[in-house]
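# Survey of secondary and tertiary structure
Spelled out, the chains give:
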Amino acid sequence: MGMRPISLDAAVLDEARTVAKAAQDEFFALARERAVVVSAVAGAGKSRLVVDTVAECRKRGVRAAVCAPTNEQVFGLVRSIAESDPHSKVAYIPARSIEVPKDLLALENVEIAAEAHKSDAVNVVVGTARKLADAHHPRSSQARAIGARDALIIDESFQVDATQYFAVADLAPRHLLVGDGGQIHPFSTVAEGLQWRGRPEDPLETAVGVLLAHHPDTRVYRFPITRRCDARAVPVMRHFYPVSHRFGAAVPAGGRRMRLGAAHGGSKRTAALDEALAAAAESGWALLELPGAQTRTADPEIAQAIVELLNRLTERGCTVECERHPEGVALAPERIAIAVAHTDQKLLARALCDAAGLPGVVVNTANQLQGLEFDLTIGWHPLAGLARPDEFHLEAGRLCVMCTRHRHACIVVGRRSDRELLEGVAPAIPVYPGAYQNDAPQGWDVHRAVMEALEPHIVELPGGGGS
């Protein structure tokens, strides 16, 4: 297979560089107790912006604290910051219960600060928002606190809730909040907490939301690019973000390719699986649709269909070509993710994948997959099998995560009845006046718009298991 040149969209890249520089320049020019927000779409290169800003902090002698909401996100930040400058130390403050990945322990310039105050001598300190808050305000009277910093940088700041932000905000006088407003916002299953929604002290508000509520003149920069998804994905992605947030893909249509091995024989069901794989390879999208039905959350037929799809993909073989691998490379199981809404769906899909000899395929909830990237994503539609839609399943961020993890293709698996739900009357969904909405459409409208965008890519899967 000969290599072909793959060029990126220079205009999109140039505009992204201009916005990034403007945001950084304003951040470093800030007076005390001010902030800058950078709002980005999925795969825009948010972490790259954070790493570049940390490098600039080092050049300017600015002592920085960097945080994100989850341990996995922080592991990625520590790796990227350490590898970007192997000659400079970065201090990582983990929680006592965390098992630090071996590759981080092997990095010579990463200092694991089991005692937080010992990180004071290091220019850059990294941890989860909760851990940095705990290190800054230790609960034990015996513990020594982490010292103040010049700058606080928060990655994935739309997933950091107000309580976490309040607890860490006084670490530094200048803040840079970077995040994706289309993804899942903080939520709670405790109904008693709803009396706080929309109020200035709302603990479930995002860090960005609470900042803008109290400081509405804070400058917000909108990053105009997605590097992860190519141009074929943008028409669907646009439904997750406000109209005012213009963006394009760094990789134009045709820049990436999935090549499937030959399809030989099989039943009508196998032919449908092949059709879905072909649609995904050609357009970047497929909606594999089972017959309509109301089912339990962990629908065994959907789980089985997903595993059959992966088995068929394995039987045929698949290579992917892109700017990283212009010569083509085999699609590895660990570069495939199954995204679900519920833990019981995850457990069922995981068990079936393992039984089918697919242990390398990643299976996780959308909440846990935020920030991660794969070549192929299979999304278990949040509405699949529901008798009626509700606030949790209509949350637009969950669908956004499922539809924006992929570099090459996304296959959504659901039921015909999902569309019928969305053809009906919108359910009564609570509205909280005063809550930050980021100008995004409500979940019902997003789900309907995305379903309409996927209609040209629908493949009906006949009932019955096996192929």
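For the structure itself, consult the block above.
Throughout what follows, the structure given in this document is the object of discussion.

This part covers the overall build of the protein chain. Helix and strand counts for the protein chain come out as 16 helices and 19 strands. With respect to the principal axes defined by its C-alpha atoms, the protein chain has extents near 65 × 55 × 45 Å. For the protein chain, the residues scored as buried account for 54% of the 467 residues in total. Taking all contacts inside the protein chain whose residues are at least 6 apart in sequence as the whole, residues at least 24 apart take part in 78%. Surface summary for the protein chain: the accessible area is close to 19,900 Å², and the carbon and sulfur share equals 52%. The average position of the 51 basic charges and that of the 57 acidic charges among the side chains of the protein chain differ by 3 Å.

So, about the sheet that holds strand 19 (residues 458-460). If you walk across this open sheet you meet the six strands as 16-15-17-18-12-19, and the pairing is parallel. Taken across any chain shown, the strands that pair with only one partner, and hence form the sheet edges, are strand 16 (362-365) and strand 19. Taking each pair of neighbouring strands and ignoring which way they run, the sheet shows an average axis angle of 25°. As defined by bridge partners, strand 12 (residues 285-290) adjoins strand 18 (residues 406-415) across six bridges and the pair is classed as parallel. Paired with Glu-289 across the two strands is Gly-414, which belongs to strand 18.

Over the atoms, a rolling probe the size of a water molecule traces out where space has been left empty. What the largest pocket holds in volume is close to 1,300 Å³. Surrounding the largest pocket, 48 residues form its lining, Ser-47, Arg-228, Gly-371, Leu-372 and Glu-373 being those nearest its centre. When residues of the lining of the largest pocket are traced back to their parent elements, those giving at least two are helix 2 (46-60), helix 3 (71-84), strand 14 (329-330), helix 12 (366-369), strand 17 (374-380) and strand 18. Looking at the lining of the largest pocket element by element, the count peaks at eight residues for helix 3. Considered class by class, the residues forming the lining of the largest pocket number 16 nonpolar, 15 polar and 17 charged.

The next subject is the packing of aromatic side chains. Counted according to the given criterion, the structure contains three aromatic pairs. Relative to Tyr-92, the ring of Phe-75 lies with its centre 6.2 Å away and its plane at 85°, an arrangement referred to as edge-to-face. Taken as a pair, Phe-75 in helix 3 and Tyr-92 in strand 3 (residues 90-92) lie far apart in primary sequence, 17 residues in all. Take Phe-75 and Tyr-92: they sit in the same class, and that class is buried. The positively charged end of Arg-60 is found above the aromatic ring belonging to Phe-28, 4.3 Å away from the centroid. Over the ring of Phe-247 we find Arg-238; its NZ or CZ atom is 5.0 Å from the centre of that ring.

The subject of this paragraph is helix 5 (residues 129-136). In terms of burial, helix 5 is largely enclosed, as seven of its eight residues are buried. Within helix 5 the residues assigned to the buried category are Ala-129, Lys-131, Leu-132, Ala-133, Asp-134, Ala-135 and His-136. Against strand 2 (64-68), strand 5 (124-128) and helix 6 (162-168) lie the buried residues of helix 5.

If you trace the backbone, Glu-156 turns up in the loop between strand 6 (151-154) and helix 6. Of the side chains bearing the opposite charge, Lys-46 lies closest to the buried Glu-156, which forms no salt bridge; the N-O distance is 4.3 Å.

When strand 15 (residues 336-340) meets strand 16, the two strands line up parallel, connected through four bridges. Bridge pairing in strand 16 links Ala-337 to Val-362.

One broad trend across soluble globular proteins is that nonpolar side chains are buried collectively. Membership of the largest hydrophobic core comes to 72 residues, with the highest contact counts inside it found for Val-126 and Phe-240. At eight residues, the largest contribution of residues to this core is made by helix 1 (residues 10-29). With near-sequence residues (within four places) excluded, Phe-240 lies in contact with Gly-182, Ala-396, Leu-399, Cys-400, Cys-403, Val-446 and Val-450. Listed in part, the 39 residues of the second largest apolar core include Ile-306, Leu-313, Ile-336 and Ile-338.

This part takes up the pairing of strand 7 (residues 174-179). In terms of residue burial, strand 7 counts as a mostly covered element, since six of its six residues are buried. Across the two faces of strand 7 the burial is the same, with Arg-174, Leu-176 and Val-178 and His-175, Leu-177 and Gly-179 all buried. Taken together, the six bridges between strand 1 (residues 34-39) and strand 7 define a ladder with parallel strand orientation. Bridged to Arg-34 within strand 7 is Arg-174. The pairing of strand 6 with strand 7 spans four bridges and is parallel. Paired with Ile-154 across the strands is Leu-177, a residue of strand 7.

What follows covers empty space enclosed by the protein. Tallied over the full model, the rule gives one cavity of 30 Å³ or more. Looking at the largest cavity, its volume works out to about 40 Å³. Lining the largest cavity are Thr-297, His-342, Gln-345, Trp-380, His-381, Pro-382, Ala-384, Leu-386 and His-393. For the lining of the largest cavity, a count of residues per class yields four nonpolar, five polar and no charged.

To continue, consider the pattern of salt bridges. A complete count under the given rule lists 28 salt bridges for this structure. The partner of Asp-375 in a salt bridge is Arg-335, and the shortest N-O contact between them spans 3.2 Å. Of this pair, Asp-375 sits in strand 17 while Arg-335 sits in the loop between strand 14 and strand 15, placing them 40 residues apart in sequence. A residue is classified by how much of its surface remains accessible, and Asp-375, at 9% relative accessible area, is buried. Connected through salt bridges with shared partners, the residues Arg-256, Glu-323, Arg-335, Asp-375 and Arg-407 form a single ionic network.

Conventions used here
- Residue indices begin from 1 for each chain and proceed along its sequence in written order.
- Local features in a predicted model are, by the rule used here, given only for residues with pLDDT of at least 70; side-chain atom pairs are given and counted only at 80 or more, and totals for whole chains, interfaces and linings are based on all residues.
- Working from all heavy atoms in the structure, the side-chain values ignore hydrogens and water.
- Helix numbering and strand numbering both begin at the N terminus, where a helix is a DSSP run of H or I of at least 4 residues and a strand a DSSP run of E of at least 2.
- Note on classification: 1.4 Å probe, protein chains only; a residue is buried when its accessible area is under 20% of the maximum for its type, exposed when over 50%, partly exposed between these limits.
- Two residues qualify as a contact provided that any one of their heavy atoms is within 4.5 Å of a heavy atom in the partner residue.
- All accessible-area figures derive from a Shrake-Rupley calculation using a 1.4 Å probe, and residue coverage is judged against the displayed protein chains alone.
- Charge assignment: positive for Lys and Arg, negative for Asp and Glu; neither His nor the chain ends contribute.
- Think of each charge as sitting on NZ of Lys, CZ of Arg, CG of Asp or CD of Glu.
- Pairing between strands is defined by DSSP: at least two bridges between the two strands are required.
- Throughout, an axis means a line fitted to C-alpha atoms (over the contacting stretch in the case of helices), and angles, computed between N-to-C directions, take values from 0 to 180 degrees.
- Using a 1 Å grid laid over the protein atoms alone, points where a 1.4 Å probe fits but cannot get out form a cavity; open sets with protein on both sides within 12 Å along at least 5 of 7 lines form a pocket; any residue with an atom within 4 Å of a point counts as lining.
- Grid points are joined across faces, edges and corners, and a volume is the space filled by probe spheres set on the points.
- In this classification, the charged set is Asp, Glu, Lys and Arg, the nonpolar set is Ala, Val, Leu, Ile, Met, Phe, Trp, Tyr, Cys and Pro, and all remaining amino acids, among them Gly, are polar.
- Only Phe, Tyr and Trp rings take part, Trp by its six-membered ring, and two of them pair if their centres are within 6.5 Å. Stacked means planes under 30 degrees apart, edge-to-face means over 60, and tilted covers everything else.
- Geometrically, a charge over a ring is one whose NZ (Lys) or CZ (Arg) sits within 6 Å of the ring centre while staying within 35 degrees of the ring normal.
- Salt bridges, as used here, are contacts in which a Lys or Arg side-chain nitrogen is within 4 Å of a carboxyl oxygen on Asp or Glu.
- Remark: nonpolar core denotes a set of buried residues (Ala, Val, Leu, Ile, Met, Phe, Trp, Tyr, Cys) joined through side-chain atoms within 4.5 Å.

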